[in-house]
Amino acid sequence: MTKINKMLAERTVGVLHQAREGASDLYDDASKTAAGAAKQVGTQLQAVSEVARKNPGTTATVLGGVGIVSFLLGVAVGLTLAVTRHRWYT
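Conventions used here
Residues numbered from 1 in each chain as written. Predicted model: local features only at pLDDT ≥ 70, side-chain atom pairs only at ≥ 80, totals over all residues. Heavy atoms only, no water. Helix = DSSP H or I, 4+ residues; strand = E, 2+ residues; numbered from the N terminus. Rg over C-alpha atoms; globule rule 2.2 N^0.38 Å. Buried < 20%, exposed > 50% of the residue type's maximum accessible area, 1.4 Å probe, protein only. Areas by Shrake-Rupley, 256 points an atom, 1.4 Å probe, with all protein chains shown as cover. Lys, Arg positive; Asp, Glu negative; His and termini not counted. Charge placed at Lys NZ, Arg CZ, Asp CG, Glu CD. Patch = residues over 30% accessible without salt bridge, like charges linked within 9 Å, V, L, I, M, F, W, Y side chains within 5 Å. Salt bridge = Lys/Arg side-chain N within 4 Å of Asp/Glu carboxyl O. Expected span 1.5 Å × (residues − 1).

(A) Representation of the overall build of the protein in the model. Check the secondary structure of the protein and you find two helices and zero strands. By the compact-globule yardstick of 12 Å for 90 residues, the protein is too spread out, its C-alpha radius of gyration being 29 Å. Counting only C-alpha atoms and orienting by the principal axes, one finds that the protein spans roughly 80 × 55 × 10 Å. Put simply, the protein has 90 residues, and 0% of those count as buried. By element, 67% of the accessible surface of the protein is carried by carbon and sulfur atoms, the whole surface being about 8,400 Å². Looking at the protein, you have 10 positive and 6 negative side-chain charges, and the mean spots of the two groups are 12 Å apart.

(B) Structural detail: a negative patch on the surface. Judged by side-chain charge, Glu21, Asp25, Asp28 and Asp29 come together as a negatively charged surface patch. Looking at where Asp25 falls in the secondary structure, it is placed in helix 1 (residues 2-54). Its relative accessible area of 47% is what places Asp25 among the partly exposed residues.

(C) Region of interest: a nonpolar patch on the surface. Together, Ile68, Phe71, Leu72, Val75 and Leu79 give the surface a local cluster of nonpolar side chains, amounting to about 520 Å² of exposed area. The residue Val75 is located in helix 2 (residues 56-81) in this model. A relative accessible area of 37% places Val75 in the partly exposed class.

(D) Layout of helix 2. Compared with the 38 Å implied by 1.5 Å per residue over 26 residues, the 37 Å span of helix 2 between its first and last C-alpha is a close match. In terms of residue burial, helix 2 counts as a barely covered element, since only zero of its 26 residues are buried.

(E) Fine view of the environment of Ala9. Along the polypeptide, Ala9 turns up in helix 1. The partly exposed category is assigned to Ala9, whose relative accessible area is 41%. C-alpha of Ala9 to C-alpha of Pro56: the two residues are 47 residues apart in sequence and 68 Å apart in space.

Take a look at the structure:
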């Protein structure tokens, strides 16, 4: 019985070691991918920032338009999700 327990313990340790190594490899790969993605996002943000600085009027117009559309979309969703409908005659 002790031999079986020792064998199971050794196998368990081996499996845990393999799982730990696999998780470490996945973490390293994810870390490298995230670093590359962050670098690319930074580059794109810098490009957008330059365009916004060169064209402040256009930037204000676009951001204002996005704000208005977002507000109207929020109002439409709010009215759609309203449980009770209020009418002047009820």
